[in-house]
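The chain contents come next:
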Amino acid sequence: MTQLRNATMARLTLMLVLFVSTGAAIAAPVQARLYHNPGCMCCEQYADYLNGKGYDVDVLDTDDMAALNEKHGIEPALSSCHTTLIGDYVVVGHVPEPVVAKLLREEPDIRGIALPGMPSGSPGMPGNKSEPFVIKTLNGDVYTTY
C-alpha cells in the first residue's frame, strides 16, 4: 500500500512540475456544431481542419440551410455551404481557425462572422489563396482580413 501511495504521489508531483514549468494547462476542446447539406465534402474537410486545430466538431446534416441561416440572421449575401455554431457565435463558411480563435478570445459584441462564398485556398477548399480573405460580421461590416 505504501508503495502504491508513493508511486501515486510521484506521478502527481511530476504532473505539477510539468504544469508549473510549462505554464500550460490542458484545456477541454472547444465544442462546435457544423450544419451542412448532406454529401458536401468541403464542409467535412473544414470540420476535419477545425478538429485538427483542437476543436471538437459535431457535423450535422440539414436539408434546409436557408432556414437555418435565416434563424441565425445570416443574410444570403454572407451565406456559404455550411454554418457553424461555436461558443456564443455563428461562423459561416471556411473561416481560417486563427480568425475563429480571435473571435472566441476577444469576445466582441457581434452575433458572428462570415467568409462569404467558398474562396479557393480557404480551409477545406482546393486551390491557392489569391488574395486576402475578407471576413465580415453578420451585419456586413469588415471584421478582419486574413
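Data block above holds the structure.
Only a predicted model underlies this, so the values are computations on that prediction, with no experimental measurement involved.

(A) Focus on the overall build of the protein chain. Along its length, the protein chain carries 4 helices and 7 strands. Reading the helices (α) and strands (β) of the protein chain from amino to carboxyl end gives α-β-α-β-α-β-β-α-β-β-β. In the protein chain, which comprises 146 residues, the share counted as buried stands at 36%. In the protein chain, 55% of the contacts between residues at least 6 apart in sequence involve partners at least 24 apart. Total accessible area on the protein chain is roughly 8800 Å²; 55% of this is exposed by carbon and sulfur atoms.

(B) Local environment of helix α4 (residues 97–106). For α4, the set of buried residues is Glu97, Val99, Val100 and Leu103. With its buried residues spanning 160 degrees around the axis, α4 presents them on a single face.

(C) The nonpolar core, seen in detail. The biggest cluster of nonpolar side chains holds 24 residues, and the ones touching the most others in it are Tyr46, Val57, Val91, Val95, Val100, Ile113 and Ile135. The set of elements that each furnish at least two residues to this core consists of β1 (30–36), α2 (41–52), β2 (55–61), β4 (89–93), α4 and β5 (112–115). At 5 residues, the largest contribution of residues to this core is made by α2. In this structure Ile135 touches Val95, Pro96, Val99, Ile113, Ala114, Leu115, Asp141, Val142, Tyr143, Thr144 and Tyr146, once residues within four positions along its chain are discounted.

(D) Geometry of the sheet that holds β2. Judged by pairing direction, the sheet is mixed, and its 7 strands sit side by side in the order β2-β1-β3-β4-β5-β6-β7 without closing on themselves. Both outer strands of the open sheet, β2 and β7 (142–145), are each paired with one neighbouring strand and no more. Adjacent strand axes in the sheet meet at a mean angle of 20 degrees when their direction is disregarded. Strand direction decides the pairing type here: β4 and β5, joined by 4 bridges, are parallel. Looking at the pairing, Val92 lines up with Ala114 of β5. Of the strands in this sheet, β1, β2, β3 (82–86) and β4 touch α2, which is tilted by about 160 degrees from β2.

(E) Main features of the state of the cysteines. Enumeration over the complete set of coordinates arrives at 0 disulfides. The cysteine Cys43 is free of any disulfide, with Cys40 supplying the nearest cysteine sulfur at 3.1 Å.

(F) Representation of unusual backbone geometry within the structure. Of note in the backbone geometry, Glu107 takes a positive phi value of approximately 50 degrees without being a glycine. Looking at where Glu107 falls in the secondary structure, it is placed in the loop between α4 and β5. Judged by relative accessible area, Glu107 falls into the exposed class, the value being 59%.

(G) Quick look at the packing of aromatic side chains. As enumerated under the stated definition, the model contains 1 aromatic pair in all. With a centroid separation of 5.9 Å and an interplanar angle of 35 degrees, the aromatic rings of Tyr46 and Tyr49 are classed as tilted. Residue Tyr46 and its partner Tyr49 are both found in helix α2; the two are separated by 3 residues, about one turn of the helix. By relative accessible area, which is 0% here, Tyr46 ends up buried. For Tyr49, a relative accessible area of 22% corresponds to the partly exposed category. Note that Lys102 overlies the ring of Tyr143, its terminal NZ or CZ placed 5.0 Å from the centroid.

So, how was this worked out
- Residues numbered from 1 in each chain as written.
- Predicted model: local features only at pLDDT ≥ 70, side-chain atom pairs only at ≥ 80, totals over all residues.
- Heavy atoms only, no water.
- Helix = DSSP H or I, 4+ residues; strand = E, 2+ residues; numbered from the N terminus.
- Buried < 20%, exposed > 50% of the residue type's maximum accessible area, 1.4 Å probe, protein only.
- Contact = heavy atoms within 4.5 Å.
- Areas by Shrake-Rupley, 256 points an atom, 1.4 Å probe, with all protein chains shown as cover.
- Arc of directions from axis to C-beta.
- Core = buried A, V, L, I, M, F, W, Y, C linked by side-chain atoms within 4.5 Å.
- Pairing = 2+ DSSP bridges.
- Axes fitted to C-alpha atoms, helices over the stretch in contact; angles between N-to-C directions.
- Disulfide = S-S within 2.5 Å.
- Phe/Tyr/Trp six-rings, centres within 6.5 Å; stacked < 30°, edge-to-face > 60°.
- Lys NZ or Arg CZ within 6 Å of the ring centre and 35° of its normal.

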